[in-house]
Protein chains: 2
Amino acid sequence: MENSHPLFTKHADTIEAALTAIAERGYWSAYPESPSPKIYGEHAAADGEAAYRAYLHNDFPLKDQPATIDWVSTERSPFGVDLDVRYPHPDVDGLLAAATAAMPAWRKAGPQTRVGVCVEILARLHAHVFELANAVHMTTGQAFVMGFQAGGPHALDRALEAIAYAHREMTRTPASATWEKPAGKGDPLRMTKTYHVVPRGVALVIGCNTFPTWNSYPGLFASLATGNAVVVKPHPRAVLPLAITVLYARQVLAEAGFDPNLVTLAAEAPGEGLAKTLALRPEVRIIDFTGSTEFGDWLEANARQAAVYTEKAGVNTIIVDSTDDFAGMCRNIGFSLTLYSGQMCTTPQNILVPAGGIETDQGHKSLGEVAEGIAGAVAKLTADPARGVELTGAIVNDAVLERLDQARSVGEVVLDSVTVAHPTYEHAVVRTPMVVKLSADAEDAFGSEWFGPISFIVETGSTTESLRIFGKTVGQKGALTAAIYSTDNDVVLAAEEAATLAGVHLSCNLTGGVFVNQSAAFSDFHASGANPAANAALTDSAYVANRFRIVQSRRHV
Amino acid sequence: MENSHPLFTKHADTIEAALTAIAERGYWSAYPESPSPKIYGEHAAADGEAAYRAYLHNDFPLKDQPATIDWVSTERSPFGVDLDVRYPHPDVDGLLAAATAAMPAWRKAGPQTRVGVCVEILARLHAHVFELANAVHMTTGQAFVMGFQAGGPHALDRALEAIAYAHREMTRTPASATWEKPAGKGDPLRMTKTYHVVPRGVALVIGCNTFPTWNSYPGLFASLATGNAVVVKPHPRAVLPLAITVLYARQVLAEAGFDPNLVTLAAEAPGEGLAKTLALRPEVRIIDFTGSTEFGDWLEANARQAAVYTEKAGVNTIIVDSTDDFAGMCRNIGFSLTLYSGQMCTTPQNILVPAGGIETDQGHKSLGEVAEGIAGAVAKLTADPARGVELTGAIVNDAVLERLDQARSVGEVVLDSVTVAHPTYEHAVVRTPMVVKLSADAEDAFGSEWFGPISFIVETGSTTESLRIFGKTVGQKGALTAAIYSTDNDVVLAAEEAATLAGVHLSCNLTGGVFVNQSAAFSDFHASGANPAANAALTDSAYVANRFRIVQSRRHV
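Residues numbered from 1 in each chain as written. Chains lettered and ligands numbered in written order. Predicted model: local features only at pLDDT ≥ 70, side-chain atom pairs only at ≥ 80, totals over all residues. Heavy atoms only, no water.

*Asks:* Before we go on, may I ask you to explain the relation of the copies chain B and chain A in this structure?
*Replies:* Between the two chain copies there is a screw-like relation: a rotation about an axis and a shift along it. The two copies are related by a screw motion: chain B maps onto chain A through a turn of 180° and a shift of 0.0 Å along the axis, at an RMSD of 0.0 Å. The operation mapping one copy onto its partner corresponds to a two-fold rotation axis. Among all residues of chain B, the one whose C-alpha sits closest to the rotation axis is Ala 542 of chain B, at a distance of 3.2 Å. A shared interface surface links the copies, since 100% of the contact residues of chain B are contact residues in chain A too. (Least-squares fit on C-alpha atoms with pLDDT ≥ 70 in both. Contact = heavy atoms within 4.5 Å.)

Written out as structure tokens, the structure reads:
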């Protein structure tokens with residue numbers, strides 16, 4: 001590889017391994033997911049927490065970022081703590097001008113250098129992973145270990161995956177070529193051609209409250225690696241994880257001799273609607289968004305100057321037909337419902353069970369027994385408050401609480417949600433999952449997303465009807481995940497065909513340590529881009545290939 | 001490669017060579033561009049013309065296509081001949097239902113089989129290339145040799161290029177993978193994952209009058225190879241080339257055991273606006289369009305359910321700074337203006353020349369001398385009507401004639417357009433190119449596209465001003481091509497930087513047998529997707545990667 005930048009050379013093995021991983025899609029990870037001191041060192045956890053605490057009640061150290069009008073503070077943790085960190089609040093003209101000005105040198109540095117610098121940013125973030133983990137934990141309400149894993153190593157893996165795809169697509173066309181066309185008996189026509197990878201423009205990343213890093217990193221790094229400048233607009237209640245990200249990104253960019261304004265933070269005042277303002281600016285040519293269907297649809301309809309990548313709401317579904325491990329099935333589903341109080345975009349909502357019950361290794365189980373089995377698994381996981389909160393974390397906003405109240409009245413409550421006192425945080429808002437039984441004609445209820453710890457056992461006429469309902473709801477409302485439980489391979493194959501037609505990824509018979517709401521970077525795709533829940537997948541070629549264009553020049557030799 | 005379909009095996013060498021060509025982007029072609037009997041055989045030309053003639057004054061042989069309401073005939077050749085071919089006029093519901101029903105088996109056949117079948121379709125079309133060439137020649141007004149080359153081998157090369165990109169992107173992710181995650185001291189977690197390539201839905205290809213095959217084939221074959229069914233909506237005045245294409249595509253599909261309704265023709269009655277109707281249908285998930293900016297913008301704004309690829313108007317520009325081959329430069333530019341009477345989307349329009357003239361191998365040349373040089377080259381090429389029409393062909397529609405009249409009054413006519421009597425076709429509408437001189441402040445005139453044999457010599461203050469005007473007009477209105485003439489490498493590099501920023505491909509110092517309005521498949525990109533003239537390039541990864549999605553399933557081993 002020509003013209004290797006020292007940072008590309010430094011990370012060449014990691015990049016090579018990531019390129020192999022996306023080609024093979026087996027298991028691979030670059031950043032250990034265990035927060036164990038054996039891996040991260042004895043002081044890492046304490047140092048990270050101290051660094052996190054140093055940000056609180058302070059101006060965030062982004063004083064070098066240009067075009068700051070004033071400073072804003074908007075974060076209150078779901079654990080009931082005000083973070084009181086103040087962030088620079090930018091003048092949009094100035095911020096976009098700075099981002100635009102930063103791009104030409106970054107473009108000219110070429111794909112390899114940009115990829116090397118991007119992976120160095122990941123390494124820097126990884127070196128501060130406990131600081132990041134505390135910020136994710138406290139802003140999202142995720143329990144600490146989840147905040148560490150999803151917010152740190154898993155987010156970094158997804159970022160590296162996006163960078164690997166970007167590298168692959170940018171280097172797919174050679175930097176130059178010689179063209180020699182035979183011309184009968186005369187001399188051949190000879191030309192030299194140069195192919196420039198050019199960015200689209202400023203990329204806007206709009207973060208969400210629940211997974212500020214995990215959902216933002218793929219777009220952020222895919223855009224940055226392909227030559228664009230990135231403006232990061234965090235959710236007002238989850239600014240800190242992305243502020244820390246921007247801080248270290250700017251640090252690495254500056255150290256590598258690039259303009260740090262290639263990555264900037266656009267924090268907003270309460271109710272400002274800064275995302276809308278930025279999204280309509282002509283300089284903004286790429287937008288990545290995770291959040292509501294309403295705003296995602298608005299972006300797609302209105303930000304016409306930009307390539308818009310959205311992840312929106314969906315109705316994740318499990319089809320229960322039969323199982324040879326009833327206890328394992330209930331445990332597995334129960335865990336999926338409990339994790340982060342069902343506040344993952346991948347948490348199952350609709351569990352479709354035939355009215356006549358199902359066959360299992362424990363004999364026939366009635367629909368009521370299936371519902372009780374799943375509800376019992378949730379109840380067991382949440383029985384002890386101290387252990388329960390390490391799975392559930394806290395509730396991210398009041399809308400979830402309101403939805404819980406509403407859900408109680410739409411059907412028969414199999415397991416009610418209860419309020420839990422958090423052993424550490426007095427004002428934390430903690431709720432256990434609710435399970436509600438519905439009939440197949442209650443489509444008004446189960447036909448759209450109830451974000452939060454709410455799931456429905458839907459009584460269907462048969463697995464055939466379950467498949468029909470599954471295809472219909474996912475076709476109309478989308479889904480990020482789906483699962484089938486069946487001992488009959490023909491039923492599994494029918495579910496796979498229905499999932500393929502509906503365009504949703506399917507997990508089959510999960511009874512052990514893999515959960516439907518978890519996807520593994522470099523192997524599992526997150527979202528498919530083939531149903532209304534998202535117009536793109538994390539992370540594939542289509543996700544990166546249109547973030548840059550190739551502009552060529554040619555001349556005779 | 002597993003599961004090789006006989007047609008994939010048959011074309012494996014061609015596919016392999018095409019994959020190598022897109023990776024290296026040197027010279028390569030699969031279909032000889034010379035219509036010589038030495039290559040195509042003694043009878044090919046006569047047989048092809050006879051086959052073409054057999055279509056005239058007849059129902060086109062697409063009687064097997066479903067959902068035909070009645071038959072329509074809309075073609076009058078620019079050479080002044082009514083073709084009087086009648087085409088099936090479809091019921092939209094029925095046509096889209098048939099297209100949709102054809103997809104599942106095509107999807108399940110997998111990438112390799114689809115690619116094999118698609119290349120077989122190209123082979124079949126190539127076997128009928130003279131038939132196709134006559135149809136392109138007569139419907140577009142291109143001279144025969146150009147109709148043969150651009151409408152036949154060059155279109156087939158672009159189609160193969162698109163298929164190669166589709167193959168590469170579809171096989172980028174493996175069909176399946178084994179995932180094995182270490183789990184501490186316990187058994188690792190083991191899963192088998194299957195990745196399905198799934199089509200988006202029905203693809204709509206909207207053809208244009210001037211290059212019915214060349215501009216339609218990349219989208220048609222990229223969509224078909226990636227599993228989608230394709231509805232081809234031809235321009236009402238250039239139906240026959242695409243009807244022939246659909247005919248042979250259906251023949252090959254049926255022979256290979258697939259539903260021929262994977263490719264259908266949607267001919268329209270005059271003024272029907274069938275493209276709009278089809279474009280808004282929910283079944284239609286991909287649209288490829290070549291034509292006016294107005295309709296392209298409408299599609300992008302309104303066909304929100306589809307991925308829309310558009311090629312629209314632009315302002316192609318040549319910057320003349322200096323040259324070491326004045327005669328060669330004038331000849332080269334003159335040829336570009338004359339070919340197909342400037343009716344290529346790649347024909348230069350604005351020729352920016354400093355008011356003080358330029359330095360050349362023949363000494364200093366004033367702006368007037370540069371203008372005369374270029375005009376003289378055009379005049380020489382068109383002086384003899386019989387030879388001239390073999391370059392110019394005929395004028396595609398009356399709007400071009402009206403534009404010629406208008407152009408005469410916007411500046412100083414350096415070379416007027418003249419009416420030429422075609423030696424063969426009495427009613428052919430033939431006009432030679434017009435060259436008009438404008439000042440740099442006449443941006444109202446040169447700032448937008450004048451499609452047809454109209455070009456402007458724009459008098460600028462300096463090459464620096466030329467570069468500024470170039471960047472501005474291309475930035476605002478887009479361009480498909482640009483060229484620079486300069487003996488100063490710094491000027492060439494400045495032009496390259498300006499072209500890169502404006503997002504337009506640049507040709508440098510063309511004085512021989514390569515012309516700015518020609519691009520070579522497998523080496524040159526056509527359009528960049530980086531300026532308003534087109535939102536995509538023919539053909540790159542981004543052009544194909546979002547025509548399919550990957551949907552996965554996973555299960556424990």
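*Asks:* Help me understand helix H8 (residues 153–170) of chain A in this model?
*Replies:* In an α-helix, one turn spans 3.6 residues, which is why side chains three or four residues apart end up on the same side. Between its first and last C-alpha, H8 of chain A extends 25 Å over 18 residues, near the 26 Å set by a 1.5 Å rise per residue. Among the 18 residues of H8 of chain A, 17 are classified as buried, and the element is accordingly described as predominantly covered. (Helix = DSSP H or I, 4+ residues; strand = E, 2+ residues; numbered from the N terminus. Expected span 1.5 Å × (residues − 1). Buried < 20%, exposed > 50% of the residue type's maximum accessible area, 1.4 Å probe, protein only.)

*Asks:* I keep staring at the sheet that holds strand S1 (residues 58–59) of chain B and nothing clicks. Help me out?
*Replies:* To summarise the sheet geometry, strands pair through backbone hydrogen bonds and adopt either a parallel or an antiparallel arrangement. Residues and elements named next belong to chain B. Sheet architecture is open: three strands sit in the order S1-S3-S2, paired in mixed fashion. A strand with exactly one partner marks an edge of an open sheet, and here the two such strands are S1 and strand S2 (68–72). Across four bridges, the pairing between S2 and strand S3 (residues 85–90) is antiparallel. Note on S3: the bridge partner recorded for Asp 70 is His 89. (Pairing = 2+ DSSP bridges.)

*Asks:* Please clarify how the pattern of salt bridges should be interpreted in this entry.
*Replies:* Inspection of every chain in the model, using the stated rule, returns 57 salt bridges over all chains. Measuring nitrogen to oxygen at the nearest pair gives 2.6 Å for the salt bridge that ties Arg 107 of chain B to Glu 497 of chain A. Of the two residues, Arg 107 of chain B is situated in helix H5 (residues 92–127) and Glu 497 of chain A in helix H19 (residues 489–502); the pairing between them involves two chains. A relative accessible area of 9% places Arg 107 of chain B in the buried class. The exposure class assigned to Glu 497 of chain A is partly exposed, which follows from its relative accessible area of 23%. Here Asp 64 of chain B ties to Arg 250 of chain B by a salt bridge, and the two come within 2.9 Å at their closest N and O atoms. Here Asp 64 of chain B is found in the loop between S1 and S2, whereas its partner Arg 250 of chain B is found in helix H10 (residues 240–255), with 186 residues between them in sequence. On the basis of relative accessible area, Asp 64 of chain B is assigned to the partly exposed category, the value being 49%. Given a relative accessible area of 3%, Arg 250 of chain B falls into the buried group. Where salt bridges share partners, they join Lys 10, Glu 120, Arg 124 and Glu 255 of chain A into one cluster. (Salt bridge = Lys/Arg side-chain N within 4 Å of Asp/Glu carboxyl O.)

*Asks:* Would you mind showing me how to read the packing of aromatic side chains here?
*Replies:* In this structure the tally under the stated criterion is 36 aromatic pairs over all chains. Plain terms: the ring middles of Trp 106 of chain B and Phe 258 of chain B are 4.9 Å apart, the flat faces sit at 80° to each other, and that makes the pair edge-to-face. Here Trp 106 of chain B, found in helix H5, pairs with Phe 258 of chain B, found in the loop between H10 and strand S8 (263–265); they are 152 residues apart in sequence, far enough to count as distant. Taking relative accessible area as the criterion, Phe 258 of chain B reaches 13% and is therefore assigned buried. Judged by centre distance (5.5 Å) and plane angle (65°), the rings of Tyr 309 of chain B and Tyr 543 of chain B are edge-to-face. Of this pair, Tyr 309 of chain B sits in strand S10 (residues 307–311) while Tyr 543 of chain B sits in helix H20 (residues 541–545), and the two are 234 residues apart along the sequence. Taking the relative accessible area as the measure of exposure, Tyr 543 of chain B reaches 4% and is therefore buried. Three or more aromatic residues joined by ring pairs form one cluster here, namely Tyr 40, Phe 130, Phe 144 and Phe 148 of chain A. The ring centre of Trp 298 of chain A lies 4.7 Å from the NZ or CZ of Lys 276 of chain A, which sits over that ring. (Phe/Tyr/Trp six-rings, centres within 6.5 Å; stacked < 30°, edge-to-face > 60°. Lys NZ or Arg CZ within 6 Å of the ring centre and 35° of its normal.)

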